[in-house]
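So the chains spell out like this:
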2 protein chains.
Amino acid sequence: MESMLQRVVRQAAEAGLTQNITLATNASQLDIITNQLGEKVSIVTEPVRRNTFPAIALAASYLSMKKHCSDDEVVVIMPCDPYTEAEYFHVIGRMVRCVEARVADLVLMGITPTYPSAKYGYVVPRPNVQHMETQAVDYYDVARFTEKPTVAVAEELLKENAFWNGGVFAFRLGYMMDIVRRYFCAESFEETRARYDEFPKISFDYEVAEKAQSVAVVPFVGEWKDLGTWNTLTDELSQHAIGNAVIGPKCENTHVINELQHPIFVDGLKDVVVAACPDGILVCAKKETENIKAYVEPLATRPMYEERRWGNYRVLDDTRYPDGSHSLTKSITLMPGKHISYQRHHCRTEVWTIVGGEGVLVLNGQVRSVHPGDVVSIPQETWHAIRANTQLTFIEVQFCSHEQGGQLTEEDIERTEWDWNGRS
Amino acid sequence: MESMLQRVVRQAAEAGLTQNITLATNASQLDIITNQLGEKVSIVTEPVRRNTFPAIALAASYLSMKKHCSDDEVVVIMPCDPYTEAEYFHVIGRMVRCVEARVADLVLMGITPTYPSAKYGYVVPRPNVQHMETQAVDYYDVARFTEKPTVAVAEELLKENAFWNGGVFAFRLGYMMDIVRRYFCAESFEETRARYDEFPKISFDYEVAEKAQSVAVVPFVGEWKDLGTWNTLTDELSQHAIGNAVIGPKCENTHVINELQHPIFVDGLKDVVVAACPDGILVCAKKETENIKAYVEPLATRPMYEERRWGNYRVLDDTRYPDGSHSLTKSITLMPGKHISYQRHHCRTEVWTIVGGEGVLVLNGQVRSVHPGDVVSIPQETWHAIRANTQLTFIEVQFCSHEQGGQLTEEDIERTEWDWNGRS
C-alpha cells in the first residue's frame, strides 16, 4: 500500500525531476508526513490554515531565507493529490525549461480535458501554439482564466481549446519573493512565519495567476485524476462500501467509507457519499462535496484520531461530569521500537491498561517491562515514558478532577529526555 | 420528559381502562422498561425475536397459564408507539364491550384516515354501520384487509370508507388460546416459552386477523401518529437536527438524530433520515425506512449501549490484537443508590477508573469508598461489586489475554449476593 503522497514523491523522483522536494502543509500533518517519507524531507508548516497563496508565500520564503536558494532558481508548485502518470512529470520538466528560457513569469500546466466538467477551473490559451525551438517545448500564452463554469459554458471553452487548471505552477523564486514583499519585508523565515496572519486569505490562482502580466501554459495529455474532493475520489474507488458498511438495494452511485467501529447501513440514496471517521461523519450529495469546508470547520473540536511519529491514537470518549471533572479515554498504539517522550502532567492523572504487545515502561526513573493485562497508574507530577518492543496498544484514561482544574488540555505536558540506550 | 411507553401507559390508566397491563417485549428491553414503569408491571419477554403472532401467543399463554385469567376475559392488544389522544382509549373501551357482547370473535380499531397514505394497512368495512343499542357502540363488520396499497389504490379505498389498521385488537382469551393450541398444547407458560421457536414467524394480521371468520371494526376519529418508523417519527420532530449535527443549506426535508460524540454534517440530501447511535449509523431515504430490518439485523454485533436497572453502559472500543488478546472498553454509569451485583470473572481482568461521583466498592469482601481519580484493578477470580452514592461513572477496561482464551463474553460472570446493609 502506497499513500497518495508517497506515490507522487516516488513519481517525481523516477522522472528525474529532483530529489529536493519541500512539502508545504499544516502543522497537524507533520508527523504523518514524516512517517510516510522519512526524516530527511523538508517540511514547511503553516501555523494556521489560511489559503494557497499564504502557504506558497511561506514555502517560497523558506527556500529563499532558510535554504538560501537564489532568486533565479526555478520553483515548481504542485498539489500532492493528483492520480497521474509519468508523462505529467515530464511536462513539469518542460515547464521548468520555459521559465528558464523566460518565455513567461508564470508557467502553468494545462490538463487536456476529457469532458466538459463543471468541477474544475479552466485556462483559456491564445489561439496560436508557440514553439520553443531550443528546448523542443510547445506552449501557449494564456488569454484568461475561468473558474468552475456551467457544463454549457465548459462546452464552449472546449471549443476554444481551453485546459483544466491542474494547480501546477512554475516560476523563478525571485518573481514570487517580489510578490511576498508587497505584504511585508521579513528579515528571516522565522519572522515570515510569525507574521503569517498578515498574508490575505486568498488562493494563489486569484492573487498571482490571474493578476500575472505574462503567463504561459504547457499542455499535458494523459491520465489525470483529481483525488482532492470526495466527488472525484469516489470515481476512483473500486468498491462502493469500505469498512463496516452495507449498501441497500435502492442505492445508486453511492459510496460509503467507514473508519468507525459502528456499522453503517444506507439505502434509497442516489449520488451520495458517506464518510465516517473519528473526527466526524459526512453525508453529502457528491456534487456538493466541494463546498463543505465552511460548514465543517466549526464542527471540528479536538482531533479524534492522529498519526504520530511513534504510532497513532484514537479518542474513544471525551466527557465532562456533573461534579466538574473531565475524562478523556484513548486507545494508543506504538510501533515496534518507537517510544513516547519522557513527560509529566501537572493537572491530570493517567491510567494505562496494556492490552496488546510488549514494552518497556519508565516511571519516575524506574524501568520495568510491561505485558498485556498490566495496569499503570500515573499520578500527576509523575515522570513517565513507554517504548514498544512489539506493536504495543494500551487504553489510556486521562482524568482531571474539579480540584485539578476540571479541564484536560494537550498543553499540560512537560517533556524531558530519557536515555533509552544508556539507562534501560 | 416522558417516553412513548410511559405516555401510553399513563393514558390507558387515565382512561380508566385498567391498571392491569402486561408488556410483551424482547428480553433485551426488560431493564429499560422496568426503569421506566417500575418493578410492579407484568412483562412477558420473547426469548428471540420472531414476529407479532408468536409474541401475542406467548403473552396470551402468560395471562392464561401464569396469571390464570379465564377464557372469557377480554384481552386488548395494542402497540406501545402511537402518539394519540384520550378518545383512542375510549374507543378501546367500546371494543371491549363489543367482544363482551360477542358481536365478533375479533374486534379491531379502525383509524379514520386523514389522507390516502401508502404507509399503512387498510381495513375495508361492509357498507352498513351496526349499532349495538345496549352499549351505545357503533361498529362495522369487516369485509377485507389490504396491506400498504399504492396511493391510487388508497384513494379508492377511502371512497369505500376504509380505515387504517392501527394494530389494536380485542378478543376473548379463550379464542386466542384455541389458536395457540393448534401449534402445541403446553402444560405451562414455561413450556410455551421454551418451545417458542415452534410458532411460525408470521404477523398477527396474517395469522389471525385475515383468517378470522367474524371480525368487527370500531372507528376512531382523532389525532393518531404512528411513531414506529423513521418516516412517520421524523414528521413529529420539531427540529431537523438533534445532537451534534449540522444540516447544510442544500438539504430538503432531511432529519439528523445523533447520539454519538462524533459530529455529523449533511448536505445536498432530500427526504433523508440520518440516525446515529452506538449500535450503528443509518442513512436512508425516508420512504425506504420500513424495509431496513432484513439488512440491518446482520450488522448488529454485540449491544453498544444498554440501559440497565442500575444505570447504563456504552461500549467505547472493542478490539482484538495481533497477539490474540481481546479488550473491551466501556463507560459505565450507576444511578445514585444503585449497585451492580457481586460478581467475578474466570477469563478476564477488569480495570476501573472512577471519573465522576462517589461510591462504595467491595473487593473480595473488603469494603472501601471510591472517589474520582481512583483506580481499581480486578484480577480474574476476584469478587467485586460497586454501589453509587451519587451518580457514579467509571471507565472499565476488560481484558482477556490469549492465555485466558482471547475471547471476552457476557457469559463469563458468576454472581452471588452481597448484603449492602449488613456489611458495608
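What comes next is a walk through the structure. All of these numbers come straight from a predicted model, not from anything done at the bench.

**Quick notes on the overall build of chain A**
And step 1. Across its full length, chain A carries 11 helices and 28 strands.
And step 2. Its C-alpha atoms give chain A principal-axis dimensions of roughly 75 × 60 × 40 Å.
And step 3. A sequence separation of at least 24 residues applies to 64% of the contacts in chain A between residues at least 6 apart.
And step 4. When the 41 positive and 58 negative side-chain charges of chain A are each reduced to one mean point, those points stand 1 Å apart.

**Notes on helix 4 (residues 86-100) of chain A**
All names here are of chain A.
And step 1. Between the first and last C-alpha of helix 4 there are 22 Å, a value that for 15 residues agrees with the 21 Å anticipated at 1.5 Å per step.
And step 2. Within helix 4, burial applies to Tyr88, Phe89, Val91, Ile92, Gly93, Met95, Val96, Cys98 and Val99.
And step 3. Looking one or two residues past helix 4, arginine 102 carries a phi angle of roughly 55°, positive in sign.

**Comments concerning the pairing of strand 20 (residues 326-334) of chain B**
Residue and element names in this part refer to chain B.
And step 1. Most of strand 20 sits out of view: nine of its nine residues are buried.
And step 2. By the alternation rule, side chains of strand 20 split into His326, Leu328, Lys330, Ile332 and Leu334 and Ser327, Thr329, Ser331 and Thr333, which are all buried.
And step 3. Sheet topology places strand 19 (residues 311-320) next to strand 20; nine bridges connect them, and they run antiparallel. Within the sheet, the bridge partner assigned to asparagine 312 lies in strand 20 and is threonine 333.

**Describing the sheet that holds strand 22 (residues 349-356) of chain A**
Residue and element names in this part refer to chain A.
And step 1. Across the sheet, six strands lie side by side as 18-19-20-27-22-25; this open sheet has antiparallel pairing. Here the strands that pair on one side only, and so sit at the sheet edges, are strand 18 (305-308) and strand 25 (375-378). Between one strand and the next, the sheet's axes are offset by a mean angle of 20°, whatever the strand orientation.
And step 2. As paired strands, strand 22 and strand 25 are joined by four bridges and run antiparallel to one another. Residue valine 351 lies in a different strand from strand 25, and its bridge partner there is serine 377.
And step 3. Packing against the sheet, helix 2 (residues 30-37) makes contact with strand 18 and strand 19 (311-320), and its axis sits at approximately 45° to strand 18.

**So, the packing of aromatic side chains**
Residue and element names in this part refer to chain B.
And step 1. Taken as a whole, this structure holds 38 aromatic pairs over all chains when the rule is applied.
And step 2. Ring geometry for tyrosine 62 versus phenylalanine 189: centroids 5.3 Å apart, planes at 75°, classification edge-to-face. With tyrosine 62 in helix 3 (residues 52-66) and phenylalanine 189 in helix 7 (residues 189-194), this pair connects stretches of sequence that are 127 residues apart. Grouping residues by exposure puts tyrosine 62 and phenylalanine 189 together as buried.
And step 3. Centre to centre, the rings of tryptophan 352 and phenylalanine 394 are 4.5 Å apart; their planes meet at 40°, and the pair counts as tilted. On the criterion of sequence distance, the pair formed by tryptophan 352 in strand 22 (residues 349-356) and phenylalanine 394 in strand 27 (residues 392-400) is long-range, its members being 42 residues apart. Neither tryptophan 352 nor phenylalanine 394 differs from the other in exposure class; each is buried.

**Considerations on the packing of helix 3 (residues 52-66) of chain A against helix 6 (residues 173-180) of chain A**
All names here are of chain A.
And step 1. Packing of helix 3 against helix 6 brings their axes to within 10 Å, and their N-to-C directions diverge by 120°. Accordingly, the angle class assigned to the pair helix 3 and helix 6 is oblique. In this structure, the crossing between helix 3 and helix 6 has a hand that is left-handed. Judged by residue contacts, Phe53, Ile56, Ala57, Ala60, Ser61, Leu63 and Ser64 of helix 3 engage Leu173, Met176, Met177, Ile179 and Val180 from helix 6.
And step 2. Across the contact of helix 3 with helix 6, the residue classes break down as 10 nonpolar, two polar and no charged.

**Quick notes on the relation of the copies chain B and chain A**
And step 1. When chain B is brought onto chain A, the operation consists of a screw motion whose angular component is 180° and whose axial shift is 0.0 Å, with 0.1 Å RMSD remaining. Such a combination of rotation and displacement between the chain copies is what one expects of a two-fold axis. Relative to the rotation axis, the closest C-alpha in chain B is found at B:Leu316, a distance of 2.7 Å.
And step 2. Residue by residue, 100% of the interface of chain B is reproduced at the interface of chain A, so both copies engage with the same surface.

**Structural notes on the state of the cysteines**
And step 1. Inspection of the entire model under this criterion finds zero disulfides over all chains.
And step 2. Residue A:Cys277 stays outside any disulfide, its sulfur separated by 15 Å from that of A:Cys284, the closest cysteine.

**Looking at the interface of chain B and chain A**
Interfaces are often sized by the amount of accessible area the parts lose when they come together.
And step 1. Chain B puts 54 residues into the contact, and the matching count from chain A is 54 residues.
And step 2. Counting each side, the surface lost to burial between chain B and chain A is near 4,700 Å², with a carbon and sulfur contribution of 66%.
And step 3. For the chain B face of the interface with chain A, the top three residues by lost area are B:Phe265, B:Ile281 and B:Leu299, together amounting to 15%.
And step 4. Taken together, the connections running from chain B to chain A amount to four salt bridges.
And step 5. Two residues, B:Arg314 and A:Asp317, come together in a salt bridge whose shortest N-O distance is 3.0 Å.
And step 6. One can count 26 residue pairs in polar contact (both at pLDDT 80 or more) joining chain B with chain A.
And step 7. It is strand 17 (residues 280-285) of chain B that contributes the most residues to the side of chain B that touches chain A, six residues altogether.
And step 8. The residue makeup of the side of chain B that touches chain A, split by class, is 31 nonpolar, 15 polar and eight charged.

About the criteria used
- Residues numbered from 1 in each chain as written.
- Chains lettered and ligands numbered in written order.
- Predicted model: local features only at pLDDT ≥ 70, side-chain atom pairs only at ≥ 80, totals over all residues.
- Heavy atoms only, no water.
- Helix = DSSP H or I, 4+ residues; strand = E, 2+ residues; numbered from the N terminus.
- Contact = heavy atoms within 4.5 Å.
- Lys, Arg positive; Asp, Glu negative; His and termini not counted.
- Charge placed at Lys NZ, Arg CZ, Asp CG, Glu CD.
- Expected span 1.5 Å × (residues − 1).
- Buried < 20%, exposed > 50% of the residue type's maximum accessible area, 1.4 Å probe, protein only.
- Pairing = 2+ DSSP bridges.
- Axes fitted to C-alpha atoms, helices over the stretch in contact; angles between N-to-C directions.
- Phe/Tyr/Trp six-rings, centres within 6.5 Å; stacked < 30°, edge-to-face > 60°.
- Parallel < 35°, antiparallel > 145°, perpendicular 65-115°, else oblique.
- Left-handed = near helix turned anticlockwise from the far one by under 90°.
- Nonpolar A, V, L, I, M, F, W, Y, C, P; charged D, E, K, R; others polar.
- Least-squares fit on C-alpha atoms with pLDDT ≥ 70 in both.
- Disulfide = S-S within 2.5 Å.
- Buried area = accessible area lost by both parts, 1.4 Å probe.
- Salt bridge = Lys/Arg side-chain N within 4 Å of Asp/Glu carboxyl O.
- Polar contact = N/O pair within 3.5 Å; in protein donor to acceptor, adjacent residues only side chain to side chain.

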